[in-house]
Amino acid sequence: MKSSIKYFFAVSAVVLALGTVSTTMAEDELYLCGIVTHVDSQNNTVTVDVKSAGCQGERRFNLSSSVKITAFKLDEKKCFFIDSNVCKANQTYSIIKD
């Protein structure tokens, strides 16, 4: 009986630990789509008229080192991931994947 209780607690601890690790390792990214309205290669930024719900409107984004500015063409639709899971007004986020 004592060994089954110890086994139960050991399994419960492992499950709890794995659940915590997977939660803390989750990436916080938001997937957005919009029309590119400005490309600033000197500052490595782009301005996009975002059409995705929850982040609509014209917004400026920095580009991470893994994203090439040449992938952004004026007046073309572009979808990408930013480094946040929220999109707040008057904040500049970084595009981390396109």
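Presented here is a report on the structure given in the accompanying data block. What you see is a predicted model, and the numbers here were worked out from it, not measured in a lab. (Residues numbered from 1 in each chain as written. Predicted model: local features only at pLDDT ≥ 70, side-chain atom pairs only at ≥ 80, totals over all residues. Heavy atoms only, no water.)

What about the sheet that holds strand 2 (residues 45-50)?
Heads up, the rule is: Should DSSP find at least two bridges between two strands, the strands are taken to pair. Starting at the N terminus, helices and strands are each numbered in turn, a helix being any DSSP run of H or I of at least four residues and a strand any DSSP run of E of at least two. Angles run from 0 to 180 degrees between N-to-C directions of axes, and those axes are lines fitted to C-alpha atoms, restricted for helices to the stretch in contact.
Taken together, five strands build a closed barrel; the order of strands is 1-2-3-5-4 and the barrel is mixed. Neighbour-to-neighbour, the strand axes of the sheet open up by a mean angle of 60°, direction not taken into account. Of the pairings in the sheet, the one linking strand 2 to strand 3 (residues 57-63) comprises six bridges and is antiparallel in character. Bridge pairing links Val46 to Phe61 in strand 3.

Some thoughts on the pairing of strand 5 (residues 93-97)
Both strand 3 and strand 5 contribute to a ladder of three bridges, which runs parallel. Residue pairing for strand 5: Phe61 is matched across the bridge by Tyr93. Bridge count for strand 4 (residues 77-82) against strand 5 is two bridges, and the pairing is antiparallel. By the bridge assignment for strand 5, Ile82 is matched with Ile95.

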